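Here is how the chains run, residue by residue.
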Amino acid sequence: MKNPVRVAVTGAAGQIGYALLFRIASGEMLGKDQPVILQLLDLPQAQNAVKGVMMELQDCAFPLLAGMTASDDPEVAFKDAQVAILVGARPRSKGMERADLLQANAQIFTVQGAALNKVADRNVKVLVVGNPANTNAYIAMKSAPDLPAKNFTAMLRLDHNRAASQIAEKTGKAVADIEKLCVWGNHSPTMYADYRFATINGQSVKDMINDQQWNAEVFLPTVGKRGAAIIEARGLSSAASAANAAIDHIRDWWLGTNGKWVTMGIPSDGSYGIPEGTVFGFPVTCENGEYQLVRGLEIDEFSRERINATLQELEDEKAGVADLLK
Ligand code: NAI
């Protein structure tokens, strides 16, 4: 039996937490032969609810669940964590301005980044799900100077999966056969889902669809506004699909993608004109526990405009929290 991997999850009492923890414990994230220890973090007032989730986890009798802890202290929850999935964040409340939301989350992620810096495993893989995910990941990364910056990532996988499903529906092909799809930028309606390089069984998706108007006027708005459409329909924000995307993101990072492109929000190395350090959605492949940026892709005029727009939004978010990172 392998040694258990310590997985910290924040926002454990929330709706994504509820859709996520059972799948991690069942081995869907790190593999069916990999025991895990869950280290759950939530606010003091949510500890009772976390206890209830732990009772249910216990009642599943998962063979791979080697232990569980709950805490409201990030330095306890992140102790020796090898994977940290940061889901808990401050939601927007009535009358709250976007700037206030940014500030409230910046404070959370400054504290959590510093805690990771202090107590987590030195190779901890961090995935930020809580919104604004890219900027929160950037703040956590900046607050953890002793950890490798490349280990801080943001979740763009839900956008990627949404884009793949829309393409499968449009082309009538199987979603699993889509290769070389990516989503550039911020996890927000400005993200740019790009199927120019995508193939299905070796055939170009762009040629198959051959409809730039559909791309600009149907596909991109549908993917960009999918979160809002789900809130409208369900009365609650996406949770199971978000948890699923988090599983996909970490599983691929941990176990590899076999050459397949996936989208991760990663700190830029300056490629594609994205300023160094900006946490941005890029196409990557994963191998041996590391992601590699897919390089050398041509960026045409339409794509450049889209990429610049989503970058501008991220730069504005960054400017909104600059005072906290001095
Ligand atoms: P939720 O409101 O059901 O749960 C959030 C949980 O986080 C609550 O239990 C709350 O007590 C906890 N929490 C709040 N502040 C915390 C802190 N400082 N430390 C630890 N725990 C804290 O929300 P839900 O639906 O689970 O969503 C969580 C986040 O994920 C939201 O920010 C949401 O916008 C984001 N999200 C991101 C997606 C992405 O693709 N990146 C997709 C869907 C949601």
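Calculation rules
Residues numbered from 1 in each chain as written. Predicted model: local features only at pLDDT ≥ 70, side-chain atom pairs only at ≥ 80, totals over all residues. Heavy atoms only, no water. Near = heavy atom within 4 Å. Polar contact = N/O pair within 3.5 Å; in protein donor to acceptor, adjacent residues only side chain to side chain. Areas by Shrake-Rupley, 256 points an atom, 1.4 Å probe, with all protein chains shown as cover. 1 Å grid on protein atoms, 1.4 Å probe; cavity = no way out; pocket = protein on both sides within 12 Å on 5 of 7 lines; lining within 4 Å. Sits in = over half its atoms within 2 Å of the grid points. Nonpolar A, V, L, I, M, F, W, Y, C, P; charged D, E, K, R; others polar. Domains from an automatic or database assignment. Salt bridge = Lys/Arg side-chain N within 4 Å of Asp/Glu carboxyl O. Helix = DSSP H or I, 4+ residues; strand = E, 2+ residues; numbered from the N terminus. Buried < 20%, exposed > 50% of the residue type's maximum accessible area, 1.4 Å probe, protein only. UniProt positions renumbered as here; feature names shortened; annotations may be inferred.

A. Looking closely at the site of the ligand. Contacts to the ligand come from 21 residues, most closely from Gln15, Ile16, Asp42, Val129 and Asn131. Between the ligand and Gly14, the relevant distance is 3.3 Å, taken from an oxygen atom to a main-chain nitrogen or oxygen of the residue. Gln112 is positioned with one of its side-chain polar atoms (N or O) 3.2 Å from a nitrogen atom of the ligand. Contact with the protein chains covers 82% of the free accessible surface of the ligand, which is 870 Å². Put simply, the ligand lies in the largest pocket. Considering only residue class, the shell around the ligand consists of 10 nonpolar, 10 polar and one charged. Split by domain, the residues of the shell around the ligand number at least three in each of domain 1 (5-154) and domain 2 (156-320).

B. Main features of the pattern of salt bridges. All chains considered together, the criterion is met by 13 salt bridges. When the shortest N-O distance is used, the salt bridge between Asp300 and Arg196 registers 3.5 Å. Residue Asp300 is located in the loop between strand 14 (290-293) and helix 11 (301-320), and its partner Arg196 is located in the loop between strand 9 (192-194) and strand 10 (199-200); the two are separated by 104 residues in the primary sequence. Residue Arg196 is classed as buried on the basis of its relative accessible area, which comes to 17%. Each of Arg157, Asp248, Arg251 and Asp252 takes part in salt bridges that share partners, so that together they form one network.

C. The UniProt feature "domain: Lactate/malate dehydrogenase N-terminal" (unreviewed entry) in the protein, seen in detail. On the UniProt side, "domain: Lactate/malate dehydrogenase N-terminal" (unreviewed entry) is annotated at positions that read residues 5-152 here. Note that residues 5-152 is 41% helix and 19% strand, and that its end C-alpha atoms are spaced 18 Å apart.

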